[in-house]
Amino acid sequence: MIQIGFTHGTLHTAVLAAMVSPLAARRVTLPPRMELTSTTNEVLQLVEKTTGLPVIVQADTSMRILAAIKIAQGSAPAHLLTYNPKVAANLNYAVCFQCGFALRIFQAPEADRYAVGSSYQGKKEAERLVNEHLRNDKGLNRDARLHIATQMYDGIIRQLRSMPIGLRVDEWLRTTYPDLAEEQKALTVQQLQANTSSLRPDVRRFTPDKVRNASVAMSAATAAYWSRTWSDPLPLVPYKSTGDLDRGLALLKRWDDLPGDPAADKQLIDAWGVDLGLAGWYEFLPGI
Amino acid sequence: MAGQAGDLSDFTISLKDFDQSLLPADARTPGTDAFQKAVSDYFVEEFREFGGWVQIAVDTQTIHVRWQLDPDAPDPVLSLVQRLNRGDVEEPVRLLEKLCKYQPGNVVILHSLGMALSDMGQLDRAEIYLRQGLALEPEDCPLWTALGVALVRQGRVEEAIAALREAVAIDANDLYAQRNLGGCLIKAGAYQEGEEHLRRAVEINPKDQQSVFGLAQALQAQGKMKDADTFYARAIDLDATSTVADAAKTERRNLAERSFRAAASGLRADAVMYCADAIRRFQKMPSADVQRITYEVAVMGQRGLSTNDPASQYRLKSLPGDYSGLQLVCMMYVGFQMVAPEHDIGFDLSKEYQVARAMCDGNQQGE
């Protein structure tokens, strides 16, 4: 088991929040630093109190995604939260969303902390499916097919790791920090739009049915969650037209039925994995 | 957009991924015109409720759908509400009920449907929508007010009063809450309390004709005739062509006649003399002149003539001189007897007229 550098991660969040943190002054901020609201600072402090380590918040113009958090491991002195300046006015939500992921890991009992890693079986299965799917595509040699399989495999595992837990984080932010609602909505709308790219014919061409169906079902579940939250059917339209909505609704029902506690996150990922036929495609690595 | 999921939806799907069970059975062959049209129709229908514009491009491999809310177009819900406000009811109600299935928590929709159905006389359904809205927004004054109106329209006056008291407790400055509560209290016989709420309504908006009229009625019900007449006159001034003004005019005439009769038992000698004077004057005039004078007085009388105050003086364009209110009413009565005897001016001077007529006829015979 990887040992982690904190001592009170199993305490209830509310108790931690009530404690005076000697770590608050230790947060490292590097210029250029955009203005963070008091809510965002509160969430950052919560991460610091929960994990016992500061959070470095840093802009990174080279990022291809909007934001990410690298949890401190081993002797690393801080968590590194990077964001793409493109998030602009929605920076606070982007930062809090990443913090939410870190918090859920550290709020789980130590025995339930995990990292989702690749599995040999999953990689081989992905290669086989891609080879079968593209066997008639004479323009792609073996290396190209392997490259596609690797990209596709990494993508679907990343999606499985992030989407169901991302909805838990969003639910927490939505109900706990209503002042973030506007930014949350703005970035979520962008994300929902981006998710429909999995339906694109060019993506479809290189993607075996099993992977395509799993990916689209998770996107449909995300759309269904927000459709329900906003009482707005618009996000459902693409998935309804392709007949994928029912799979998304089934995943969302699974999400509803399982406990929302961080300790159950591993169970949630596994449940979606089984439902999507991805059992064995990933492994839970112990600890952080 | 209709809800909150942004103002753009742009996606492309492979033709073979489209769920063909969504299409009519005879339009499921890709590449055919029927297929293309059916796909387009499907997406047009899917996006219809959101308003805006949808473009659908179907080729041999892909379906590209792009929906965008017209930034200049109003929100579809608000657009439907505006149509309701313009009196266009049936289609907006149907569309709002459809939207309500998707957005059961949208209080604007529930409120609008409740009010529209109430206006359509579908009071049971109106009450359901309004109570659903109140379950979501229990501190919404206009919702309580709309519920109160729907209840009083069903004859459930006490329940209406309770609902309207909630509305007033939430917002004492809401015109509609105050006005409707005042109206319901009058209906329940609580005139004094009704007067208080209607006075408050008039304070909130002195130009609200219905509040002014309601206040006049509350005053009249308590026997405060002079004050009532003042507010009826003010209601007429606010919009002389409205149905409220017509009602106010009727009330003023009734008040004037009652007051006129109360001032003396039996015949009013002054009215007999004014009638006789008018008969003599009009007998010497061409009927066109009589008609012009009569109509001028009638128009003037639209906003009321003071028949109990001899000091009030009026002037006519068509007849020189200063006249009291009673004198003009007598002139109008006589004029209509000559040019349109079937017309009821709403002020009964028949006995005074008959005596005056006899006096004039007797004089003529004696001349």
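Residues numbered from 1 in each chain as written. Chains lettered and ligands numbered in written order. Predicted model: local features only at pLDDT ≥ 70, side-chain atom pairs only at ≥ 80, totals over all residues. Heavy atoms only, no water.

Caption draft 1: Spotlight on the overall build of chain B. Looking only at helices and strands, chain B has 16 helices and 5 strands in total. For chain B, long-range pairs separated by at least 24 residues make up 51% of all intrachain contacts whose partners lie at least 6 apart in sequence. With an accessible surface of roughly 18,500 Å², chain B has 50% of that area assigned to carbon and sulfur atoms. (Helix = DSSP H or I, 4+ residues; strand = E, 2+ residues; numbered from the N terminus. Contact = heavy atoms within 4.5 Å. Areas by Shrake-Rupley, 256 points an atom, 1.4 Å probe, with all protein chains shown as cover.)

Caption draft 2: Looking closely at the sheet that holds strand S3 (residues 62-68) of chain B. Residues and elements named next belong to chain B. Taking strand neighbours across the sheet as the criterion, the 3 strands line up as S1-S3-S2 in an open arrangement whose pairing is antiparallel. Only two strands of the sheet have a single partner each, and these edge strands are strand S1 (8-14) and strand S2 (53-58). Pairs of neighbouring strands in the sheet enclose a mean axial angle of 5°, with direction left out of account. Inspection of the sheet shows S1 paired to S3 by 7 bridges, in the antiparallel sense. Within S3, the position partnered with phenylalanine 11 by the bridge is valine 65. (Pairing = 2+ DSSP bridges. Axes fitted to C-alpha atoms, helices over the stretch in contact; angles between N-to-C directions.)

Caption draft 3: Structural context of the side chain of serine 9 of chain B. Along the chain, serine 9 of chain B falls in strand S1. Take serine 9 of chain B: its relative accessible area is 6%, and that puts it in the buried class. With residues near it in sequence (within four places) discarded, serine 9 of chain B still touches Gln193 and Leu234 of chain A together with Phe47, Val65, Arg66 and Trp67 of chain B. (Buried < 20%, exposed > 50% of the residue type's maximum accessible area, 1.4 Å probe, protein only.)

Caption draft 4: Looking closely at the confidence of the model for chain B. Looking at chain B, the pLDDT average stands at 85 and 92% of residues meet or exceed 70. The ipTM value of the predicted complex is 0.75, and its pTM value is 0.53. (pLDDT = per-residue confidence, 0-100.)

Caption draft 5: The pairing of S2 of chain B, seen in detail. All names here are of chain B. Strand direction decides the pairing type here: S2 and S3, joined by 6 bridges, are antiparallel. Residue pairing for S3: alanine 57 is matched across the bridge by histidine 64. Hairpin connection of S2 to S3: 3 residues between the antiparallel strands.

Caption draft 6: Up close: the nonpolar core. Formed by 97 residues in total, the largest nonpolar core has its most connected members in Trp272 and Trp281 of chain A together with Phe43, Phe47 and Ile63 of chain B. Both domain 1 (2-107) and domain 2 (115-286) of chain A contribute no fewer than three residues apiece to this core. Counting residues in each nonpolar core, the second largest holds 34 residues, with Ala271, Ile279, Leu328 and Leu349 of chain B among its members. (Core = buried A, V, L, I, M, F, W, Y, C linked by side-chain atoms within 4.5 Å. Domains from an automatic or database assignment.)

Caption draft 7: Broad picture of the environment of tyrosine 93 of chain A. Residues and elements named next belong to chain A. Among the secondary structure elements, tyrosine 93 is positioned in helix H3 (residues 91-107). Exposure remark for tyrosine 93: the relative accessible area of 6% places this residue in the buried category. Separated by 54 residues in sequence, tyrosine 93 and threonine 39 place their C-alpha atoms 9.5 Å apart. Ignoring any residue separated from it by four or fewer positions in sequence, one finds tyrosine 93 in contact with Asp170, Leu173, Leu180, Glu183, Gln184, Leu187 and Thr188. Looking at tyrosine 93, its side chain comes within polar contact range of the side chain of aspartate 170, at 2.5 Å. (Polar contact = N/O pair within 3.5 Å; in protein donor to acceptor, adjacent residues only side chain to side chain.)

Caption draft 8: Region of the structure containing unusual backbone geometry. All names here are of chain A. With phi around 50°, serine 231 is a residue other than glycine that occupies positive phi space. With respect to the helices and strands, serine 231 occurs in the loop between helix H8 (209-230) and helix H9 (237-241). The class for serine 231 is partly exposed, based on a relative accessible area of 23%.

Caption draft 9: Spotlight on the interface of chain A and chain B. Chain A puts 21 residues into the contact, and the matching count from chain B is 26 residues. Of the roughly 2,100 Å² buried between chain A and chain B on both sides combined, carbon and sulfur atoms contribute 61%. Three residues stand out in chain A for area buried against chain B, namely Leu234, Val237 and Ser241 of chain A, and they jointly supply 26% of the buried area on that side. One salt bridge in this structure joins aspartate 17 of chain B and arginine 204 of chain A, with 2.7 Å as the shortest N-O distance. (Buried area = accessible area lost by both parts, 1.4 Å probe. Salt bridge = Lys/Arg side-chain N within 4 Å of Asp/Glu carboxyl O.)

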